[in-house]
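These are the residues of each chain, in order.
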Amino acid sequence: MSKKSFIARLRTRPDTRDRLIALQTELKALVFEHEPDALVYELFQSETDPDLFECVATFRDEAAFEKHMNIDFHDRLVPPILECLAEDMSIAFYRSLD
């Protein structure tokens, strides 16, 4: 069984940067509190571009990822996160080789 990961690139507008960070911080806390099979959930901010972020997540398996996508707080927090963006989010999915 392979782990499932994603890397999402988020470019926010300067006026919504703090809101995006607050929403993502809340999402991360809830992920770790309610999703034991979420092994990694981190938001990284570019050192050279304060409006550019990468969200990196790894789930134990496909089922854990599906749980994440369908959990109630995901549906509550992701739409306002997307409203903070200056452009469409790009997302790439990966599987572990172990």
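Predicted, not measured: the structure shown is a model, and the values here were computed from it.

Caption draft 1: Quick peek at the packing of aromatic side chains. Across all of its chains, the model carries five aromatic pairs by this definition. Measuring from ring centre to ring centre gives 6.3 Å for Phe6 and Phe93, while their planes differ by 65°; the resulting arrangement is edge-to-face. Here the residue Phe6 occupies a position in strand β1 (residues 4-11), and Phe93 occupies one in strand β4 (residues 90-95), the gap between them amounting to 87 residues. The interplanar angle of 65° and the centroid separation of 5.7 Å between the aromatic rings of Phe59 and Phe65 together place this pair among those described as edge-to-face.

Caption draft 2: Expanded view of helix α1 (residues 17-34). Helix length check: α1, at 18 residues, gives a terminal C-alpha distance of 26 Å against a target of 26 Å (1.5 Å per residue), a fit within 8%. Burial in α1 covers these residues: Leu20, Leu23, Gln24, Leu27, Leu30 and Val31. Buried residues of α1 fall within an arc of 125° about the axis and therefore sit on the same side. Turned more than 90 degrees from where α1 packs its buried face, Asp18 and Glu33 sit exposed. On the buried face of α1, the contacting elements are β1, β2 (38-45), β3 (52-59), α2 (62-70) and α3 (72-83).

Analysis parameters
Residues numbered from 1 in each chain as written. Predicted model: local features only at pLDDT ≥ 70, side-chain atom pairs only at ≥ 80, totals over all residues. Heavy atoms only, no water. Phe/Tyr/Trp six-rings, centres within 6.5 Å; stacked < 30°, edge-to-face > 60°. Helix = DSSP H or I, 4+ residues; strand = E, 2+ residues; numbered from the N terminus. Expected span 1.5 Å × (residues − 1). Buried < 20%, exposed > 50% of the residue type's maximum accessible area, 1.4 Å probe, protein only. Arc of directions from axis to C-beta. Contact = heavy atoms within 4.5 Å.

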